[in-house]
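# Secondary and tertiary structure notes
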Amino acid sequence: MTVESTAARTPRRSAGTKAGTTGTKRTTSTTKKATSAKKATGAGKSAEPALVQLLTPEGKRVKNAEFDQYVADITADDLRGLYRDMVLTRRFDAEATSLQRQGELGLWASLLGQEAAQIGSGRALRDDDYVFPTYREHGVAWCRGVDPTNLLGMFRGVNNGGWDPNGNNFHLYTIVIGSQALHATGYAMGVTKDGADSAVIAYFGDGASSQGDVAEAFTFSAVYNAPVVFFCQNNQWAISEPTEKQSRVPLYQRAQGFGFPGVRVDGNDVLANLAVTKWALERARAGEGPTLVEAFTYRMGAHTTSDDPTRYRGDEERLAWEAKDPILRLRRYLEVSNHADEGFFAELETESEALGKRVREAVRAMPDPDHFAIFENVYADGHALVDEERAQFAAYQASFADADGGK
């Protein structure tokens with residue numbers, strides 16, 4: 001059994017009709033389902049609707065009249081697949097954190113606790129949809145077939161990304177907070193002009209929702225009816241700043257001011273995230289414009305490995321969210337529903353450890369980059385200042401050899 005996602009990537013398909021004007025539908029097969037879920041979004045309402053949840057923390061399946069239809073065809077194999085995705089993503093994330101602590105990576109941004117939001121939304125995507133991530137979407141990258149070791153090259157400082165974005169329709173990680181929302185909106189506007197029926201999704205956190213880039217993306221996407229889903233993982237903390245100090249209203253309600261729907265989903269419920277994201281993507285493909293999804297979740301670890309969360313939040317908060325753990329939640333459901341036995345969990349544990357070992361060995365085998373590559377491609381025709389800096393750096397490097405006896 002391999003540990004990577006092996007989903008094939010297909011070229012973007014063109015629709016039979018163009019949709020260059022606001023409100024023109026590019027596909028109509030999903031309109032009824034998209035319309036039936038409108039009342040759960042809170043669009044045009046000031047009251048906060050209930051959190052969309054299909055699976056309770058105790059692993060009990062609950063009915064939802066608006067969104068059950070989007071997971072009605074899910075099978076036991078699918079459920080085991082979602083569980084496997086979350087377990088292996090968490091194992092990879094834990095290994096990366098350990099590697100950083102051992103000095104093998106310069107930095108790491110953990111997704112611990114956010115696996116359901118990422119796997120659920122990631123598995124809702126079609127192959128021809130396009131993803132614009134932040135720097136924490138390791139689970140979405142997994143769903144898009146990006147090899148986990150490719151995510152680590154940038155954090156080890158040996159490359160500028162590690163994969164071809166067009167190979168998986170998964171853009172390179174974006175470090176600048178919120179800028180990918182604008183990139184996604186522009187790409188989605190291009191999709192419309194091409195007459196394609198694919199959709200675009202942009203991931204960002206609660207902190208990024210306060211950035212001007214995100215507000216501008218909301219404006220452009222609404223005015224141009226762009227087929228984009230804004231997926232906000234509200235993990236409660238923008239580094240050390242809590243959500244209540246960023247917004248006076250729930251984040252999903254911000255969409256109302258821009259003229260498109262927003263919905264809050266239980267970010268630790270993988271089924272709910274799958275259903276809500278499918279609905280939002282189908283709205284986009286049907287020409288109904290953007291949607292804001294707020295996945296209400298929790299960052300269990302540090303913002304990055306340079307952060308110490310114990311300085312600004314208490315253990316009781318983390319313990320309360322541990323009871324809502326997304327992996328344990330789905331495992332309980334699998335066990336109660338007799339969809340998985342101990343053999344499945346044992347086999348997955350073995351696969352998980354194999355993944356950790358492979359990642360560890362791959363990182364340590366990564367070659368060091370050329371120390372002088374930083375000076376290349378700065379200017380097309382070269383520059384005197386860059387030449388001077390290169391010479392200074394060469395002298396600096398040579399000083400180590402002189403101090404070490406020329407070795």
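Residues numbered from 1 in each chain as written. Predicted model: local features only at pLDDT ≥ 70, side-chain atom pairs only at ≥ 80, totals over all residues. Heavy atoms only, no water.

Moving on, we get to the pattern of salt bridges. For the coordinates displayed, the defined rule picks out 24 salt bridges. A salt bridge links Glu 104 to Arg 156, with the shortest nitrogen-to-oxygen separation between them at 2.9 Å. Taken together, the positions of Glu 104 in the loop between α2 (76-101) and α3 (115-122) and Arg 156 in helix α5 (residues 148-156) put the pair 52 residues apart, joining distant regions of the chain. Asp 129 is the salt-bridge partner of Arg 285, the closest N and O atoms lying 2.5 Å from each other. Of this pair, Arg 285 sits in helix α9 (residues 270-285) while Asp 129 sits in the loop between α3 and β1 (130-132), and the two are 156 residues apart along the sequence. Salt bridges sharing partners connect three or more residues here, namely Arg 91, Glu 95, Glu 353 and Arg 360. (Salt bridge = Lys/Arg side-chain N within 4 Å of Asp/Glu carboxyl O. Helix = DSSP H or I, 4+ residues; strand = E, 2+ residues; numbered from the N terminus.)

Further remarks concern the packing of aromatic side chains. In this description, a pair of aromatic rings is defined by centroid distance and the angle of the planes. Enumeration over the complete set of coordinates arrives at 29 aromatic pairs. Note on Phe 218 and Phe 258: the rings are 5.2 Å apart at their centroids and 80° apart in plane angle, and the pair reads as edge-to-face. Residue Phe 218 is found in helix α8 (residues 212-223), and its partner Phe 258 is found in the loop between β5 (241-242) and β6 (262-266); the two are separated by 40 residues along the sequence. Since its relative accessible area comes to 4%, Phe 218 is described here as buried. Given the relative accessible area of 28%, Phe 258 is considered partly exposed. Measuring from ring centre to ring centre gives 5.0 Å for Tyr 396 and Phe 400, while their planes differ by 85°; the resulting arrangement is edge-to-face. Pair noted here: Tyr 396 and Phe 400 are both in helix α13 (residues 384-403), with a separation of 4 residues, about one helical turn. (Phe/Tyr/Trp six-rings, centres within 6.5 Å; stacked < 30°, edge-to-face > 60°. Buried < 20%, exposed > 50% of the residue type's maximum accessible area, 1.4 Å probe, protein only.)

It is worth spelling out the nonpolar core at this point. Ranked by internal contacts, the top residues of the largest apolar core, which has 67 residues, are Tyr 83, Leu 152 and Leu 330. It is α9 that provides the largest number of residues to this core, a total of 10 residues. Setting aside its immediate chain neighbours within four residues, Leu 152 contacts Phe 92, Ala 96, Leu 105, Trp 108, Val 359, Val 363 and Met 366. (Core = buried A, V, L, I, M, F, W, Y, C linked by side-chain atoms within 4.5 Å. Contact = heavy atoms within 4.5 Å.)

Below, the discussion takes up the environment of Ile 175. Along the chain, Ile 175 turns up in the loop between α6 (165-168) and α7 (179-194). Remark: the alpha-carbon pair of Ile 175 and Tyr 135, spanning 40 residues in sequence, is separated by 5.9 Å. Once you skip the residues sitting within four places of it in the chain, Ile 175 turns out to touch Tyr 135 and Met 154.

Another point: the packing of α2 against α9. At their nearest, the axes of α2 and α9 sit 11 Å apart, and the two run at 105° to each other. Comparing the axis directions of α2 and α9 gives the class roughly perpendicular. Here Leu 79, Leu 82 and Met 86 of α2 lie close against α9, whose contacting residues are Val 270, Leu 271 and Leu 274. Residues that form the contact of α2 with α9 fall into these classes: 6 nonpolar, no polar and no charged. (Axes fitted to C-alpha atoms, helices over the stretch in contact; angles between N-to-C directions. Parallel < 35°, antiparallel > 145°, perpendicular 65-115°, else oblique. Nonpolar A, V, L, I, M, F, W, Y, C, P; charged D, E, K, R; others polar.)

Attention now goes to the side chain of Asn 268. Inspection of the secondary structure assignment puts Asn 268 in the loop between β6 and α9. What makes Asn 268 buried here is its relative accessible area of 3%. Looking at Asn 268, its side chain comes within polar contact range of the side chain of Thr 297, at 2.7 Å. Once residues lying within four places of it in the same chain are set aside, the contact partners of Asn 268 are Gly 113, Ala 116, Asn 273, Phe 296, Thr 297, Tyr 298, Trp 321, Lys 324, Asp 325, Pro 326 and Arg 329. (Polar contact = N/O pair within 3.5 Å; in protein donor to acceptor, adjacent residues only side chain to side chain.)

Residues separated by three or four positions in an α-helix point in the same direction, a consequence of the helix having 3.6 residues per turn. In a regular helix each residue adds 1.5 Å, so 16 residues correspond to 22 Å; α9 covers 22 Å between its end C-alpha atoms and thus fits that length. Two to three positions downstream of the cap, the backbone nitrogen of Leu 271 sits 3.1 Å from a side-chain oxygen, assigning the N-cap of α9 to Asp 269. At the exit of α9 stands Gly 287, carrying a positive phi of roughly 80°. (Expected span 1.5 Å × (residues − 1).)

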